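What the coordinates show
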Amino acid sequence: MNEKYVEALEQYDMEVRAVRKGRGSWICETDQGCRLLKEYRGTARRLEFEDEVLGRLDTRGSLRADRYLRNREGGLMTVTGDGTRYILKDWFLDRECNIKDGYEIRQALSRLAMLHSQLRKIEFKEEWNMGSILSGPLEEELERHNREMQRARNYIRSKRKKSEFELCVIGSYQMFYDQALEAVQGIRELWPGAGELPAEGGGQYGSGQFGSRQYESGQYGTGKCLKLGPYQDDQDALEAAEVQPPGQKDRKPLYLCHGDLDQHHVLMGGSYTAIIEYNRMHLGIQISDLYRFMRKVMEKHGWNLDLGLSMLDSYERVLPMEPKERGCLYYLFLYPEKYWKQLNFYYNANKAWIPARNTDKLRGLEEQQQARNSFLKRLKADCKGCV
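These lines cover the structure that appears in this document, whether it is placed above or below. (Residues numbered from 1 in each chain as written. Predicted model: local features only at pLDDT ≥ 70, side-chain atom pairs only at ≥ 80, totals over all residues. Heavy atoms only, no water.)

Some words on the pattern of salt bridges
Within this structure, the stated rule accounts for 32 salt bridges. Salt-bridge contacts for Asp260 lead to Arg280; the nearest nitrogen and oxygen are separated by 3.9 Å. Placement of the pair is Asp260 in the loop between strand E9 (254–257) and strand E10 (266–268) and Arg280 in the loop between strand E11 (273–275) and strand E12 (282–285), with a sequence separation of 20 residues. Using a relative accessible area of 11% as the deciding quantity, one classes Asp260 as buried. Linking Arg295 and Glu337 is a salt bridge whose minimum nitrogen-to-oxygen distance equals 3.4 Å. In this pair, Arg295 sits in helix H7 (residues 287–300) while Glu337 sits in helix H10 (residues 337–348), placing the two residues 42 residues apart along the sequence. Its relative accessible area of 5% is what places Arg295 among the buried residues. When salt bridges that share partners are traced, they join Arg295, Glu299, Glu337, Lys338 and Lys341 into one network. (Salt bridge = Lys/Arg side-chain N within 4 Å of Asp/Glu carboxyl O. Helix = DSSP H or I, 4+ residues; strand = E, 2+ residues; numbered from the N terminus. Buried < 20%, exposed > 50% of the residue type's maximum accessible area, 1.4 Å probe, protein only.)

Shown next, in the form of structure tokens:
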């Protein structure tokens, strides 16, 4: 071993028996089990946040996580002579979740519900006030996507000679854009004037600890962490947090979320499931994790209604959803995310040559509409009047 990562490995108290190259990393077989070494480009503060949260998870049973390991000096980050920064963490040699296998899909969602349930019990701390954790409201992100779709459509309309892809966009744009508008408006109306405080759990209400917390500049365009409707300043917000009942209905259910969940981040062990890569963990609506995983599966399975319902059942057997959370899930599925991705990719790429597969993807979205609408109709019916 004569590469630069050797210097990093030498700073950990373990015997390295074998090393092989992974995807942007090094997989190490050691006397203490499997470890993964990779370069790190984030901040030390973010790393400490992830480590503290992962350290509070109960991973003794069927749920596992890739927790960070400290070097001999007690640091989570190891810097080599050339200035390169590395992190080392527990790793698993298990394969990724097979989204063609219904059993593995349902098991993955059951474990996701376990993860969400544990994350709800973790109190959010003052020192976790970072831009990467306190992301903007979901509806603001979707509104930005809407503007990007409009920009791409306007560009296409201005062209005299249109490609097959561009004609396909023009033909289907209004249908998908109307869905996007309805989804954004629906999410806004679920929690009108809701406070952007973490939801009930782990003593997060009542303590008032968020009353004085500030956002890093620009997260909401105001420079402030809190959006508490009628309250005008931090002192009012502090007092309100102390007197408002925990179950206040207009409160957004904000908890820690994985932030980037898909089949690549779910590893299927023999007696456990490992959910890995928490580098996008943030405070948000946990249903977005469920949506992200389910959408990819549903697209692969042609929006199979029975499969969709069985996935929801697997999640809710562990962590039942509130009616408004189910409503949020409905609006996330209603939003034409894949359509937006195609338009945004087109607008930001070389428009002189558009791959034929991009046109095929757009046509595929149109062909799946009937099955997708059936799933949306059933999901909406289960929202108990919230949509």
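Picking up where we left off.
Here's the deal with the packing of aromatic side chains
What the rule picks out here adds up to 15 aromatic pairs. When the ring of Trp303 is compared with that of Phe375, the centres are 5.9 Å apart and the planes differ by 45°; the resulting orientation is tilted. Note that Trp303 is positioned in the loop between H7 and helix H8 (305–316) and Phe375 in helix H12 (residues 369–381), a separation of 72 residues in sequence. In this pair, the class of Trp303 matches that of Phe375, namely buried. Here a set of aromatic residues connected by ring pairs shows up, and it is made of Tyr155, Phe165, Tyr346 and Tyr347. (Phe/Tyr/Trp six-rings, centres within 6.5 Å; stacked < 30°, edge-to-face > 60°.)

Quick word on the nonpolar core
One finds Met149, Leu290, Phe293, Leu329, Phe333 and Tyr339 to be the most contacted residues of the largest nonpolar core, which totals 87 residues. Here this core gets 11 residues from one element, more than from any other, and that element is helix H5 (residues 164–190). Filtering out sequence-adjacent residues up to four positions away, Met149 remains in contact with Tyr173, Tyr177, Ala180, Tyr335, Tyr339, Trp340 and Leu343. Ranked by size, the runner-up nonpolar core spans 11 residues in total, among them Ala8, Tyr12, Cys28 and Tyr86. (Core = buried A, V, L, I, M, F, W, Y, C linked by side-chain atoms within 4.5 Å. Contact = heavy atoms within 4.5 Å.)

Examining the sheet that holds strand E4 (residues 63–65)
Ordered by their spatial adjacency, four strands build an open sheet running E4-E11-E10-E8, and the pairing between neighbours is mixed. Each edge of the open sheet is held by one strand with a lone partner, namely E4 and strand E8 (95–96). Note: E4 against E11, three bridges, orientation parallel. Opposite Ala65, over in E11, you have Ile275 as the bridge partner. Here helix H3 (residues 102–119) sits on the sheet in contact with E4, E8, E10 and E11, set at roughly 55° to E11. (Pairing = 2+ DSSP bridges. Axes fitted to C-alpha atoms, helices over the stretch in contact; angles between N-to-C directions.)

Digging into the side chain of Gln369
Along the chain, Gln369 falls in helix H12. Polar contacts involving the side chain of Gln369 include one to the side chain of Arg372, which spans 3.2 Å. Those residues within four positions of Gln369 in sequence are excluded, and the remaining contacts are Met175, Phe176 and Gln179. (Polar contact = N/O pair within 3.5 Å; in protein donor to acceptor, adjacent residues only side chain to side chain.)

A few points about the environment of Val387
Structurally, the position occupied by Val387 is in the segment after H12. Judged by relative accessible area, which is 30%, Val387 ranks as partly exposed. With 60 residues separating them along the chain, Val387 and Gly327 place their C-alpha atoms 6.0 Å apart. Dropping the residues within four chain positions of it, Val387 is found in contact with Gly327, Tyr330, Tyr331 and Lys380.

Let's talk about helix H4 (residues 138–158)
The terminal C-alpha atoms of H4, which comprises 21 residues, lie 31 Å apart, in line with the 30 Å expected from a rise of 1.5 Å per residue. Burial in H4 covers these residues: Leu138, Glu139, Leu142, His145, Asn146, Glu148, Met149, Ala152, Arg153 and Ile156. Where H4 is buried, its residues meet H5, helix H9 (323–334) and H10. (Expected span 1.5 Å × (residues − 1).)

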